[in-house]
Amino acid sequence: MIKKLAVLISGNGSNLQAIINSTKYGILKGVAEIVIVISSNPKAFGLQRAEKEGIKNIALDYDNMDKNDYNNKLLELIKEAGADLVCLAGYLKRIPENIIKEYKSRILNIHPALLPKYGGKGMYGHHVHEAVVKAKEKKSGATVHFADEGYDTGSIIMQKEVDLDETDNHEEVAKKVLLVEHEIFPEAIKKVVEESKNDN
Ligand code: GAR
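Residues numbered from 1 in each chain as written. Predicted model: local features only at pLDDT ≥ 70, side-chain atom pairs only at ≥ 80, totals over all residues. Heavy atoms only, no water.

> With reference to specific residues and values, describe the pairing of strand 5 (residues 107-111).
Counted residue by residue, strand 5 has 5 buried out of 5 residues, so it is predominantly covered. Of the two faces of strand 5, both are covered, the one formed by Ile107, Asn109 and His111 as well as the one formed by Leu108 and Ile110. Summarising the sheet, strand 4 (residues 85-88) and strand 5 pair through 3 bridges and their orientation is parallel. Counted as the bridge partner of Val86 is Ile107 from strand 5. Handedness of the β-α-β unit built from strand 4, helix 4 (residues 97-102) and strand 5 comes out right-handed. As defined by bridge partners, strand 5 adjoins strand 6 (residues 139-146) across 4 bridges and the pair is classed as antiparallel. (Buried < 20%, exposed > 50% of the residue type's maximum accessible area, 1.4 Å probe, protein only. Helix = DSSP H or I, 4+ residues; strand = E, 2+ residues; numbered from the N terminus. Pairing = 2+ DSSP bridges. Right-handed = clockwise from strand over helix to strand, strands pointing away.)

Below is the structure:
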């Protein structure tokens, strides 16, 4: 049975695109399909990517909604879509507890660093890469992990390193890391799907 994915985004959606491409032409073909894309930001370009592919996509305006309403609506949409797994693909809001509870060990998050380093509250997007450059790290990378109640604390599913040059600025680090994000997110989804089959 093909597993159904709900993909949550907040912005550009390049990780969403990597997952879409993988379900169409790559390792997720016949393994998983995206049943809904939900954005916390109505202006997210990722919504257009989903629309172009004919994938159901909905914006919930996080900044202008009551937080309880937002959390309830988010869970309702994910459940209605019949999602087996929830993929946080550049979703920059904290995932509410009602969803963590309902989808325990079924929520995957991609983080643009080698966790447990450079994770935690406030460590997202460019903040991560700026911190990595400031610390003069020789390596960074990407991590896919299960989301739990904390910030970037759930168990790690997959990681991949990239080498950094001394001269890399945070934008160059982001580019290098994003390339491996696009590789490992589909791989991590496949791994979780395969392991869930072994549990049955
Ligand atoms: C990605 O680098 C992702 O790892 C990061 O946001 C970017 C979204 O890019 N997520 C976090 O920092 C979460 N803590 P995308 O919209 O092009 O996929």
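Read on for the rest.
> Go over the packing of helix 5 (residues 126-134) against helix 6 (residues 170-199) with me, naming the residues and quoting the values.
At a minimum axis separation of 8 Å, helix 5 and helix 6 run at an interaxial angle of 115°. When the interaxial angle is binned, helix 5 and helix 6 end up roughly perpendicular. Here helix 5 and helix 6 pass one another in a crossing that is right-handed. On the side of helix 5, the interface is formed by His126, His129, Glu130, Val132 and Val133, while helix 6 contributes His170, Val173, Ala174 and Val177. Looking at the contact of helix 5 with helix 6 residue by residue, the classes come out as 5 nonpolar, 3 polar and 1 charged. (Axes fitted to C-alpha atoms, helices over the stretch in contact; angles between N-to-C directions. Parallel < 35°, antiparallel > 145°, perpendicular 65-115°, else oblique. Left-handed = near helix turned anticlockwise from the far one by under 90°. Contact = heavy atoms within 4.5 Å. Nonpolar A, V, L, I, M, F, W, Y, C, P; charged D, E, K, R; others polar.)

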